[in-house]
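Now for the letters of each chain:
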Amino acid sequence: MVTITSENFESEVLQSKVPVLVDFYADWCGPCKMMAPSVEAMEGIYGDKLKIGKLNVDDNPDIAEKYNVMSIPTLIFFEGGNAVQTSVGLISRSALQEKIDSVVHA
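Described in the following lines is the structure provided in the data block. (Residues numbered from 1 in each chain as written. Predicted model: local features only at pLDDT ≥ 70, side-chain atom pairs only at ≥ 80, totals over all residues. Heavy atoms only, no water.)

### Quick look at helix H2 (residues 30-46)
Think of an α-helix as 3.6 residues a turn; residues three or four steps apart then line up on the same face. Helix length check: H2, at 17 residues, gives a terminal C-alpha distance of 26 Å against a target of 24 Å (1.5 Å per residue), a fit within 8%. Approximately 35 degrees is the largest bend angle found in H2, and it occurs at Ala36, with the proline Pro37 only one to four residues beyond. Inspection of H2 places Cys32, Met35, Ala36, Ser38, Val39, Met42 and Tyr46 among the buried residues, and these make up the whole buried set. In this fold, the buried residues of H2 make contact with strand S2 (20-25), strand S3 (51-56), strand S4 (74-79) and helix H4 (93-103). Just downstream of H2, Gly47 is the residue with a positive phi angle, here 50 degrees. (Helix = DSSP H or I, 4+ residues; strand = E, 2+ residues; numbered from the N terminus. Expected span 1.5 Å × (residues − 1). Bend = angle between axes of the 7 residues up to and from the residue. Buried < 20%, exposed > 50% of the residue type's maximum accessible area, 1.4 Å probe, protein only. Contact = heavy atoms within 4.5 Å.)

### So, the state of the cysteines
Every disulfide links exactly two cysteines, by a covalent bond between their sulfur atoms. This model, assessed by the stated rule, comprises 1 disulfide. Between the sulfur of Cys29 and that of Cys32 lies a disulfide, 2.4 Å long from S to S. Residues Cys29 and Cys32 share a disulfide whose torsion about the S-S bond is about 80 degrees; that sign makes it right-handed. With respect to burial, Cys29 and Cys32 carry one shared label: buried. (Disulfide = S-S within 2.5 Å.)

### Digging into the pattern of salt bridges
When their charged atoms lie close together, side chains carrying opposite charge are able to pair. All told, the structure shown has 2 salt bridges when counted by the stated rule. Between Asp23 and Lys54 there is a salt bridge, and its shortest N-O distance comes to 2.9 Å. Residue Asp23 is found in strand S2, and its partner Lys54 is found in strand S3; the two are separated by 31 residues along the sequence. Assigned by exposure class, Asp23 and Lys54 land together as buried. (Salt bridge = Lys/Arg side-chain N within 4 Å of Asp/Glu carboxyl O.)

### Concerning the sheet that holds S4
Spatial ordering of the open sheet is given by S1-S3-S2-S4-S5, a layout of 5 strands whose pairing is mixed. Where the open sheet ends on each side, the last strands, each with one partner, are strand S1 (2-4) and strand S5 (82-88). Ignoring which end each strand starts from, the neighbouring axes of this sheet average 25 degrees apart. Two elements, S1 and S3, share 3 bridges in a ladder whose sense is parallel. Each bridged residue has a counterpart across the sheet, and for Ile4 the counterpart in S3 is Leu55. Strands in contact with H2 are S2, S3 and S4; relative to S3, the strand with the most contacts, it is inclined by about 155 degrees. Here H4 sits on the sheet and contacts S2, S4 and S5; the angle it forms with S4, its principal contact strand, is near 15 degrees. (Pairing = 2+ DSSP bridges. Axes fitted to C-alpha atoms, helices over the stretch in contact; angles between N-to-C directions.)

Written out as structure tokens, the structure is:
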């Protein structure tokens, strides 16, 4: 799991050779804490087909604002430097896996 910041966003996300799932969260956010185990579990499933990163919105408000993150948790999938899918709010592990499958071309 990569920690995404304003400083490394371009290199880790926009220039990534594989799709990237960015989990926009905050330490104080209860639903974010509930979502975290599902997001972390996806690393074991998708391995090197998908990069997974966490971005703390309190520490990196510029990136959150740029991508119109108004509620957390928000998951944004990036492919080829573009945001291709967004999910807002707490979702089940199976729903998360379905969203990833639609982005990651196995």
